[in-house]
Amino acid sequence: MELLVAQWCCPWSRCCGMGDFRPRTVWLGHPEKREQRYPRNVINNQKYNFFTFLPAVLFHQFKYFYNLYFLLLACSQFINELRLGALYTYWVPLGLVLAITIIREAVEEIRCYLRDKEMNSQIYSKLSTRGKDRRHRRQHWLCFSVMLISEPRCLFLGITLVLSFPGSCFLRTDQLDGETDWKLRLPVACTQRLPTAADLLQIRSYVYAEEPNIDIHNFIGTFTREDGDPPVNESLSIENTLWASTVVASGTVVGVVIYTGKELRSVMNTSNPRHKVGLFDLEVNCLTKILFGALVVVSLVMVALQHFAGRWYLQIVRFLLLFSNIVPISLRVNLDMGKMVFSWMIKKDSKIPGTMVRASTIPEQLGRISYLLTDKTGTLTLNEMVFRRLHLGTVAYGMDSMDEVQSHVFSAYTQVITKNMHGSLQSSRAPAATKVRKTISSRVHEAVKAIALVHNVTPVYEANGVTDQAEAEQHYEDTCRVYQASSPDEVSLVQWTESVGLTLVGRDQSSMQLRTPTGQILNFTILQIFPFTYESKRMGIIVRDESTGEITFYMKGADVVMAAIVQYNDWLEEECGNMAREGLRVLVVSKKSLTEEQYQDFEARYVQAKLSVHDRSLKVATVIESLEMEMELLCLTGVEDQLQTDVRPTLEILRNAGIKVWMLTGDKLETATCTAKNAHLITRNQDIHIFRPVTTRGEAHLELNAFRRKHDCALVISGDSLEVCLKYYEYEFMELACQCPAVVCCRCTPTQKAQIVRLLQERTGKLTCAVGDGGNDVSMIQEADCGVGVEGKEGKQASLAADFSVTQFKHLGRLLMVHGRNSYKRSAALSQFVIHRSLCISTMQAVFSSVFYFASVPLYQGFLIIGYSTIYTMFPVFSLVLDKDVKSEVAMLYPELYKDLLKGRPLSFKTFLIWVLISIYQGSIIMYGALLLFESEFVHIVAISFTSLILTELLMVALTIQTWHWLMIVGELLSLACYVASLVFLHEFIDVYFITTVSFLWKVTVITLVSCLPLYILKYLRRRFSPPSYSKLTT
């Protein structure tokens, strides 16, 4: 299915009068009567448009210090007094850097545009006076349009439900609020009697809707039909709406569009995508500022040693230009090209197929994640419920013993038939053991019967190509039946009762039909239903068996509330705990038989309570609770929400890597807790602190103090309590939560998810990664330092808005442990080597200037300067992006290696200082060696020093590499070959005849050995006596 994406944009909305949200009156099918202009329903995930692309890209590039610095540097060469050489020596490198960046951004924008165009071009059915019209793309839909939905598709508009066949529909909202329950939606009552859907456009009617807001759980509006006598006016609530990012799961519906574009609930709960700048880029930017400071200091020292003679201020500028290589212009382009290579490696990894990189500027972020915030439904779980256990107290049935349950149910109904045929059972022939078996059989039968009755599931029959719908419904065809309910738990229970022989074959608002293993149809009249609520944590139903006239009250619910309702027993609490520890969602099932007089008395009190104007909810609850006493405990059921493949080992890997995992979900507390246990997000030996519901500052203070006294304890908190804590005790709550090994936040809104991510970033300063699959996760994904979208059957909304997209949660382990770790380490090595390369030649320039009376004369000119950073050393240096310290299998087997990166050691002030010292040593050795060994002409100094410099760089790359790749060898040989071949054309700078002499060769060899050999010796001694952690795993 196709889903709504993250951002809706209308750049001229203020000009069009759409800056403020206002209530609206929407006439069905009459655009001429609209009172205001509404935003276009266009999806736009692009960061730029045609006019802002170039200025915005240039702005983002020149906000980096080093790019701005080199722009000023290149511009200064237009001034004759400051010119040191040809203009191309400054403008060509800068132009190359900007061209690569602009091309990369343009490619990403074009891809984004094509994805948006595909989504905007989807065709949906629009109702017209002629009937259904399929020629309307989603981008052309406006308020007042009437939409017809006859198949399960994700909505992209805010709609008021006007007409529905067969009278109501179920709505899936997991992409909007994270809840897996299906919601019942009701149409406007006065339109249900219209002959056809097209007649909607013939009546005079309109919808009044409140102003757009972020509340996805409430709606206030009215539906007015003016052509009636008298006019009909119906109130509208959330039960009459279909929000964007929801899916109509059943039936055919007709609705009028009331919200579009940026006014949608899902869009208002989604923050606009921000331009993410990686922590690694900020650190490199900081280092370049330090290098610039060194550049200024060296320039001032040179002028000071000249005693500030003459026009010293011009000399300062000339020295700044002369030593400009201290700040390497090639650093940015090397890192950007490295990011592109890392992104390509991620996409081409066969072990994580389908993984996409949508933000190629931050792959290094994956190597330093400290907090992982994940959604539950569709991310950790498949949202598929499977019945796992039936517990009767004295006996339990698992998946391997369901055939026994089936035989007990079959036995119970065959005995009933035998009794009806013969009048009585021949019990005298049955031994005592048979009586025991009959008792167990009776208990199993009662439990299965109760589970088959206490629910809100409706069987729906669909045509299958062989049997039409009417015939299938009449004969209860099993192959055509589909169960619909507001909860997948309920469906799994009814499907299980079908598998053991008792099948739900029919249901309407007042009756229910079950089919026994013998084919007999049991009819039950539904007298009352008490639906499940988050507050009551239970649901009940009162039914009358049509064959016997018996009235029975069945109830099921969470163990925390049912323990006080059922009769005393000594096994409920223990077995509930055991099943919960296995990650099962436990329900307690009970029953109570009622006489006709008892039910009539209850009904009278119940109706009276429902008519009450004041405290209606309290009075109704009191009447129901009068029935909920001394109920007979029948059984416990255990249902498991199927986890995605390898979720448990993936979470274990992340935990061992030092990453703390928080689960943020819109689902219920009990469901979230069960999933956390089942996924081993909360380990078996960890205590759980369930944060009590708080509404005031005092309650929050007391609960925080109670939580503070616990140690190494997982936290489970609801969204409402979280909001109160963050309002009054934000710092204290975040401090305590960050100390927890795991945190589960349930009933979270999309805005709260993004808020938690933002607070973690602010309070800890650590990098965060958010993982989700639905529209309710987009805000969290975009707010995190690194957003990962899971692309699956729930759609593409999260994956389109994310920086990285995976097809399964288990791929996250390899994405972080292998690609994240390698990207960060490789970028660190590459950046430091580029800095080393520039500092070497700058040190040589400083030595040269100081020897020749501090003259601001360049040592190398023209092509030598450009060639040094490009064709002579570019391939070997850039080949460091292929280096790796350990194999990917070792990185996955020992996630502790990832933990070493969290401290930022690969790129730190310590490693930076080491490379600075190496650069100063090697640059000084090369320059002083060339000055000492040259004999007559200055051009020999250039030949000896430049050749030694090139060979030193090639040898240093070889020294740095930890695992050789064939492309590295090709890069080394190719660079050396390019330099040797170019010597023929460099006669202006280098004496071609001199470089063929033995004198040149031995001098270059000696200088290169002196500059590199000590470093090789130090590297050997270090690996010998203080080896890094990864080397112990590779030997």
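As the structure is a computational prediction, the values presented were derived from the model and not from experiment. (Residues numbered from 1 in each chain as written. Predicted model: local features only at pLDDT ≥ 70, side-chain atom pairs only at ≥ 80, totals over all residues. Heavy atoms only, no water.)

Re the overall build of the chain
Along the backbone of the chain there are 34 helices and 33 strands. Each of the 1035 residues in the chain was classed as buried or not, and the buried ones make up 55%. Taking the contacts inside the chain whose residues are at least 6 apart along the sequence as the reference set, 74% of them involve residues at least 24 apart. If you sum the accessible surface of the chain, you get close to 45100 Å²; carbon and sulfur atoms cover 58% of it. (Helix = DSSP H or I, 4+ residues; strand = E, 2+ residues; numbered from the N terminus. Buried < 20%, exposed > 50% of the residue type's maximum accessible area, 1.4 Å probe, protein only. Contact = heavy atoms within 4.5 Å. Areas by Shrake-Rupley, 256 points an atom, 1.4 Å probe, with all protein chains shown as cover.)

Thoughts on the pairing of strand β9 (residues 221-225)
Burial analysis of β9 places four of its five residues in the buried class, the great majority of the element. The sheet contact formed by β9 and strand β10 (residues 232-236) spans five bridges and is antiparallel. The residue of β10 that forms the bridge with Arg-225 is Val-232. The antiparallel pairing of β9 with β10 creates a hairpin that spans six residues between the two strands. (Pairing = 2+ DSSP bridges.)

What to know about the pattern of salt bridges
Counting across every chain of the model gives 25 salt bridges. Where Asp-349 meets Arg-814, a salt bridge forms, and the shortest distance between an N and an O atom there is 2.6 Å. In this pair, Asp-349 is assigned in the loop between α8 (330-347) and β14 (356-357) and Arg-814 in helix α25 (residues 811-851), connecting sequence segments 465 residues apart. Just as Asp-349 is buried, Arg-814 falls in that class too. One salt bridge connects Lys-753 with Asp-777, and the closest N-O pair in it is separated by 2.7 Å. Here the residue Lys-753 occupies a position in helix α22 (residues 750-764), and Asp-777 occupies one in the loop between β31 (767-772) and α23 (778-783), the gap between them amounting to 24 residues. On the accessibility criterion, Asp-777 (0% relative accessible area) is buried. Three or more residues are tied together by salt bridges with common partners; here these are Asp-281, Lys-339 and Glu-364. (Salt bridge = Lys/Arg side-chain N within 4 Å of Asp/Glu carboxyl O.)

Regarding the sheet that holds strand β17 (residues 396-397)
Across the sheet, which stays open at both edges, the nine strands sit in the order β17-β16-β26-β25-β24-β23-β22-β21-β20 with antiparallel pairing between neighbours. Edge strands, defined here as strands with exactly one partner in the open sheet, are β17 and β20 (503-507). Sheet topology note: the strand β23 (residues 538-545)/strand β24 (residues 551-557) ladder contains seven bridges and is antiparallel. The residue bridging Gly-540 from the neighbouring strand is Met-555, located in β24. Docked against the sheet, helix α16 (residues 616-627) engages β22 (521-530), β23, β24 and β25 (585-594), running at close to 75 degrees with respect to β25. (Axes fitted to C-alpha atoms, helices over the stretch in contact; angles between N-to-C directions.)

A short note on the packing of helix α1 (residues 53-62) against helix α3 (residues 88-120)
Between α1 and α3, the shortest axis-to-axis distance is 11 Å and the interhelical angle comes to 125 degrees. The angle between α1 and α3 places the two elements in the oblique class. For the pair α1 and α3, the crossing hand works out as right-handed. Here Phe-53, Leu-54, Val-57, Leu-58, Gln-61 and Phe-62 of α1 come into contact with α3, specifically with Leu-98, Thr-101, Ile-102, Glu-105, Ala-106 and Glu-109. (Parallel < 35°, antiparallel > 145°, perpendicular 65-115°, else oblique. Left-handed = near helix turned anticlockwise from the far one by under 90°.)

Considering a nonpolar patch on the surface
Taken together, the side chains of Leu-955, Leu-1009, Leu-1013, Tyr-1016, Ile-1017, Leu-1018, Tyr-1020, Leu-1021 and Phe-1025 present a nonpolar region at the surface, about 910 Å² in accessible area. Broken down by element, the residue count for the nonpolar patch peaks at eight residues, all from helix α33 (residues 998-1025). Relative to the helices and strands, Phe-1025 is located in helix α33. Of the residues examined, Phe-1025 reaches a relative accessible area of 67% and is grouped as exposed. (Patch = residues over 30% accessible without salt bridge, like charges linked within 9 Å, V, L, I, M, F, W, Y side chains within 5 Å.)

Re unusual backbone geometry
Not every positive phi belongs to a glycine, and His-307 is a case in point at roughly 60 degrees. Relative accessible area serves as the criterion here: at 69%, His-307 is assigned to the exposed category. Located in the positive-phi region is Arg-747, a residue other than glycine, with phi close to 55 degrees. You can call Arg-747 partly exposed: its relative accessible area is 28%.

Quick word on the environment of Ala-977
Secondary-structure assignment places Ala-977 in helix α32 (residues 966-982). Exposure remark for Ala-977: the relative accessible area of 43% places this residue in the partly exposed category.

Some remarks on the packing of aromatic side chains
The relation between two aromatic rings is expressed through the spacing of the ring centres and the mutual angle of the planes. Within this structure, the stated rule accounts for 24 aromatic pairs. Plain terms: the ring middles of Trp-243 and Tyr-259 are 6.0 Å apart, the flat faces sit at 40 degrees to each other, and that makes the pair tilted. Residue Trp-243 is located in the loop between β11 (241-242) and β12 (247-248), and its partner Tyr-259 is located in strand β13 (residues 252-259); the two are separated by 16 residues in the primary sequence. With 5.2 Å between their ring centres and 85 degrees between their planes, Tyr-872 and Tyr-979 make a pair best called edge-to-face. With Tyr-872 in the loop between α26 (863-869) and α27 (874-878) and Tyr-979 in helix α32, this pair connects stretches of sequence that are 107 residues apart. Each member of the pair Tyr-872 and Tyr-979 is classed as buried. (Phe/Tyr/Trp six-rings, centres within 6.5 Å; stacked < 30°, edge-to-face > 60°.)

Examining the side chain of Asn-334
Mapped onto the elements, Asn-334 comes out in helix α8. For Asn-334, a relative accessible area of 5% corresponds to the buried category. Apart from the residues within four sequence positions on either side, Asn-334 is in contact with Leu-830, Val-834, Arg-837 and Phe-878.

Describing the pairing of strand β32 (residues 786-790)
Counting buried positions over the five residues of β32 gives five, a clear majority of the element. Burial of the side chains of β32 extends over both faces: Cys-786, Val-788 and Val-790 are buried on one face and Gly-787 and Gly-789 on the other. Here β31 runs beside β32; their pairing, made up of four bridges, is parallel. Within β32, the position partnered with Val-771 by the bridge is Val-788. For the handedness criterion, the β-α-β arrangement of β31, α23 and β32 is classed as right-handed. Summarising the sheet, β32 and strand β33 (residues 804-806) pair through three bridges and their orientation is parallel. (Right-handed = clockwise from strand over helix to strand, strands pointing away.)

Structural notes on the sheet that holds strand β27 (residues 660-664)
Across a sheet, paired strands are connected by hydrogen bonds in the backbone, their directions being either parallel or antiparallel. In space, the nine strands of this open sheet follow the order β14-β33-β32-β31-β15-β27-β30-β29-β28, with mixed pairing throughout. Of all the strands in the sheet, just β14 and β28 (687-690) have a single pairing partner and so form its edges. Strand contacts of α22: β15 (369-374), β27, β30 (742-746) and β31, with the helix running at about 165 degrees to β15, the strand carrying the most contacts. Sitting on the sheet, α25 is in contact with β15, β31, β32 and β33, with an inclination near 140 degrees to β33.

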